[in-house]
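Examining the three-dimensional arrangement
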Amino acid sequence: GLDGVLIGPNDMTYNLGIPRQYFHSTQVEVVDEVIKKARAKNIGVGIHVVYQDSYEQVARWAKMGANIILHWVDIMAFRIAMNQELDALRKALEE
């Protein structure tokens with residue numbers, strides 16, 4: 001049988017015809033439905049979330065029963081941290 005489902009939101013948005021529109025109502029509804037159906041059959045379900053400003057969305061899905069949450073990837077965290085550091089350095093150089 002099936003032990004778990006892992007949702008890939010990037011692929012999903014492309015398949016839905018709404019590329020990278022992670023907050024689009026259609027994408028949100030499909031994720032909701034996958035979580036509900038999987039959990040109703042006691043199947044683990046998760047999502048790989050690698051886009052910014054997703055905290056509320058991820059928390060909502062976790063409360064709905066998503067029990068595997070892959071949040072971010074190391075290279076994105078590094079990029080954001082480096083951008084913040086470089087912005088601070090540029091600001092210091094302007095002073």
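Use the structure listed above.
Throughout this document, residue positions are counted from 1 along each chain, in the order its sequence is written. Residues qualify for local features only when their pLDDT is at least 70, as the model is predicted, and side-chain atom pairs are given and counted only at 80 or more; totals for whole chains, interfaces and linings, by contrast, use all residues. Heavy atoms from the whole structure form the basis of all side-chain values; hydrogens and water molecules are not counted.

1. Remarks on the pairing of strand 2 (residues 44-49)
Between buried and exposed lies partly exposed: a residue is buried under 20% and exposed over 50% of the maximum accessible area for its type, with that area taken using a 1.4 Å probe on protein chains only. Only DSSP runs of H or I with at least four residues qualify as helices, and only runs of E with at least two residues qualify as strands; both kinds are numbered from the N terminus onward. When you tally the buried positions in strand 2, you get five out of six residues, the bulk of the element. Of the strand pairs in this sheet, strand 1 (residues 4-7) and strand 2 are connected by four bridges, and their pairing is parallel. Counterpart to V5 in the pairing with strand 2 is V45. Criterion used throughout: strands pair if DSSP finds at least two bridges between them. Bridge count between strand 2 and strand 3 (residues 68-71): four bridges; the pairing is parallel. In the strand pairing of strand 3, G46 is matched with I68. Each parallel crossover has a hand, and the one from strand 2 via helix 3 (residues 55-64) to strand 3 is right-handed. We call a crossover right-handed when, viewed with both strands directed away from the observer, the connection leading from the first strand over the helix to the second proceeds clockwise.

2. A short note on helix 2 (residues 25-40)
Three- or four-residue spacings in an α-helix give side chains the same orientation, since the helix completes a turn every 3.6 residues. Helix span is expected to be 1.5 Å times the residue number reduced by one. Between its first and last C-alpha atoms helix 2 spans 22 Å; for 16 residues at 1.5 Å apiece the expected length is 22 Å, and the two agree. When helix 2 is considered as a whole, its buried residues turn out to be Q27, V28, V31, D32, I35 and A38. For helix 2, the angular spread of the buried residues around the axis is 140 degrees, confining them to a single face. Relative to its buried face, helix 2 has exposed residues pointing more than 90 degrees away, namely E29, K36, K37 and A40. Two residues or fewer after helix 2 comes N42, characterised by a positive phi angle close to 60 degrees. Arc, as used here, means the arc of the directions from the helix axis to the C-beta atoms.

3. Topic: the pattern of salt bridges
The rule for a salt bridge is simple: a side-chain nitrogen of Lys or Arg has to be within 4 Å of a carboxyl oxygen of Asp or Glu. Within the structure shown, the criterion is met by three salt bridges. D87 serves as the salt-bridge partner of R90, at 3.1 Å between the closest nitrogen and oxygen. Taken together, the positions of R90 and D87, both in helix 4 (residues 74-94) and three residues apart, correspond to about one turn of that helix. Accessibility expressed as a relative area gives 48% for D87, which makes it partly exposed.

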